[in-house]
Amino acid sequence: MRGHLDGLILAVLESGPLHGYAIIEALQARSGGALDLPTGTVYPALRRLERAGHLAGAWSTVGGRERRTYRLTRAGKHALAAQRGEWEEFRDVVNRVLGGGSWPATG
């Protein structure tokens, strides 16, 4: 998870604004239950992304409860595109190494 959480959060918010707990639920749903992240992991990441300018947060009252809702900023969209590119490159490298294909011997 280390190094990938920010991109996952940005990807979930690409479809529209969500409050913190809804982000956790969306990560869990989109991962088929594989990502069951504690609030102590997600909320600090949300604050970090907001400080970096990748998210904009606003307080609102929903059902009598104060909630902070986050949305992707323009900088966040650019960061997401960069994260996707890095992920695709990493995935391709891992596939080449673990994929079991035959590679020319060196030396």
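Residues numbered from 1 in each chain as written. Predicted model: local features only at pLDDT ≥ 70, side-chain atom pairs only at ≥ 80, totals over all residues. Heavy atoms only, no water.

By the naming in an unreviewed UniProt entry, the chain goes by PadR family transcriptional regulator and is assigned to Pseudonocardia sulfidoxydans NBRC 16205.

Before going further, it helps to spend a moment on the UniProt feature "domain: Transcription regulator PadR N-terminal" (unreviewed entry) in the chain. Mapped onto this structure's residue numbering, the UniProt feature "domain: Transcription regulator PadR N-terminal" (unreviewed entry) falls at residues 9–81. Taken as a whole, residues 9–81 contains 51% helix and 25% strand, while its terminal C-alpha atoms sit 13 Å from one another. (UniProt positions renumbered as here; feature names shortened; annotations may be inferred. Helix = DSSP H or I, 4+ residues; strand = E, 2+ residues; numbered from the N terminus.)

This next bit is on the sheet that holds strand 3 (residues 65–72). Judged by pairing direction, the sheet is antiparallel, and its three strands sit side by side in the order 1-3-2 without closing on themselves. Looking at the sheet topology across the chains shown, the edges are occupied by strand 1 (18–19) and strand 2 (55–62). Pairing analysis gives eight bridges linking strand 2 to strand 3, with the strands arranged antiparallel. Opposite Thr61, over in strand 3, you have Glu66 as the bridge partner. Strand contacts of helix 3 (residues 39–51): strand 2 and strand 3, with the helix running at about 125° to strand 2, the strand carrying the most contacts. (Pairing = 2+ DSSP bridges. Contact = heavy atoms within 4.5 Å. Axes fitted to C-alpha atoms, helices over the stretch in contact; angles between N-to-C directions.)

Our focus in this paragraph is the environment of Tyr70. Within the fold, Tyr70 resides in strand 3. For Tyr70, a relative accessible area of 4% translates into the label buried. Remark: the alpha-carbon pair of Tyr70 and Gly16, spanning 54 residues in sequence, is separated by 8.7 Å. If we skip the residues at most four places from it in the chain, Tyr70 touches Leu13, Pro17, Leu18, Gly20, Ile23, Leu46, Glu50, Leu55, Ala56 and Gly57. (Buried < 20%, exposed > 50% of the residue type's maximum accessible area, 1.4 Å probe, protein only.)

Time to look at the packing of aromatic side chains. Scanning all chains against the criterion turns up one aromatic pair. Both rings, one in Trp87 and one in Phe90, keep their centres 5.8 Å apart while their planes meet at 45°; by these two values the pair is tilted. In this pair, Trp87 and Phe90 are both assigned in helix 4 (residues 74–98), three residues apart and thus about one turn of the helix distant. When its relative accessible area of 44% is taken as the criterion, Phe90 is described as partly exposed. (Phe/Tyr/Trp six-rings, centres within 6.5 Å; stacked < 30°, edge-to-face > 60°.)

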